[in-house]
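# Architecture and fold: a report
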Amino acid sequence: MRVYVPLSLPRLAQAYRAGELGPAPLTAFAVTPALREWYLSDDIEELEYAALNRAGLASLRMLAGEPDAARRRVVVAVDVADRIAVADPDLGLDPASLGEVSVREAVPLARAAAVHVDADDAQADVAAAADALGAADHGDDDAQFVVDGAEDHELLWFATQEIPNLIGQGD
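Here we summarise the structure given alongside this text. (Residues numbered from 1 in each chain as written. Predicted model: local features only at pLDDT ≥ 70, side-chain atom pairs only at ≥ 80, totals over all residues. Heavy atoms only, no water.)

## Digging into the overall build of the protein
Put simply, the test is: The helix and strand labels rest on DSSP assignments: H or I over at least four residues marks a helix, E over at least two residues marks a strand, and numbering proceeds from the N terminus. Each radius of gyration reported is based on C-alpha atoms, and the globular scaling rule is 2.2 Å times the count of residues to the power 0.38. A 1.4 Å probe rolled over the protein chains alone gives each residue an accessible area, and that area as a share of the maximum for its type sets the label: buried under 20%, exposed over 50%, partly exposed in between. By definition in these notes, contact holds between two residues if any of their heavy atoms fall within 4.5 Å. Residue burial considers only the protein chains on display, and all accessible areas are found by Shrake-Rupley using a 1.4 Å probe. As used throughout, the charge tally considers Lys and Arg to be positive and Asp and Glu to be negative, leaving His and the chain termini uncounted. Think of each charge as sitting on NZ of Lys, CZ of Arg, CG of Asp or CD of Glu.
When its secondary structure is counted, the protein shows 6 helices and 9 strands. Taking 2.2 N^0.38 as the reference for a compact globule, 171 residues should give roughly 16 Å; the C-alpha atoms of the protein span a radius of gyration of 15 Å, in line with that estimate. C-alpha atoms of the protein, sized along the principal axes, occupy 45 × 40 × 25 Å. The buried share of the protein, taken over its 171 residues, is 46%. Sequence separation of at least 24 residues holds for 76% of the intrachain contacts in the protein that already meet a minimum separation of 6. Carbon and sulfur atoms provide 49% of the accessible area of the protein, an area that totals close to 8900 Å². Charged side chains of the protein number 12 positive and 31 negative; the gap between the two group centres comes to 8 Å.

## Points about the pattern of salt bridges
Rules: We count a salt bridge whenever a side-chain nitrogen from Lys or Arg sits within 4 Å of a carboxyl oxygen from Asp or Glu.
Within this structure, the stated rule accounts for 6 salt bridges. Arg2 is paired through a salt bridge with Asp79; the nearest N and O atoms lie 2.8 Å apart. Here Arg2 is found in strand β1 (residues 2-7), whereas its partner Asp79 is found in strand β4 (residues 74-79), with 77 residues between them in sequence. Looking at Arg2, the relative accessible area reads 28%, which means it is partly exposed. With a relative accessible area of 31%, Asp79 lands in the partly exposed category.

## Describing the environment of Asp82
This is how it is decided: A 3.5 Å cut-off defines polar contacts: any pair of N or O atoms within that distance qualifies, except that in protein one atom must be a possible hydrogen donor and the other a possible acceptor, and neighbouring residues in sequence count only when both atoms are side-chain atoms.
With respect to the secondary-structure elements, Asp82 resides in the loop between β4 and β5 (85-86). You can call Asp82 exposed: its relative accessible area is 53%. Put simply, Asp82 and Val103 are 21 residues apart on the chain and 9.4 Å apart in space, counted from C-alpha to C-alpha. A distance of 3.3 Å separates the side chain of Asp82 from the backbone nitrogen of Met1, its partner in a polar contact.

## Regarding the side chain of His116
Within the secondary structure, His116 is located in strand β8 (residues 112-117). Looking at His116, the relative accessible area reads 11%, which means it is buried. Residues within four places of His116 in sequence aside, it is in contact with Leu52, Arg73, Val74, Val75, Ala77, Leu155, Leu156 and Trp157.

Spelled out as structure tokens, the structure:
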């Protein structure tokens, strides 16, 4: 199963040093039955893109709690055994947790398929969105508009070999 693990750049650096995404359990996003029902598509690429975007929002939430982190969302796409990525059936169609799974084991970073990160030019919108999350969660439509502005930026695809450059440890 392909899962999308939300991180920040400091957390990606930590995973790189440790050689794994962990410790378990990890919150990730995947194509779950609830996500399929919500998105109403049978196209696996569209569904995976929806799961990636859900992870991007979770990364934004991490950034809201990490004021010193670069204002760039980070998502690691990794393939795991189905048995270790479990969706909570009690969450059902809760909009806040669509596609959410719990990865019950640490995952070697070598199993990552790709890393998705905001471009540098997204940082101002991502910073504004991280600041507006609390108000958006409480129903402020203007704040939600700001949060949606970060989602207008596509997460860029990077090969795992590019992680050192992303975290500032490249040559």
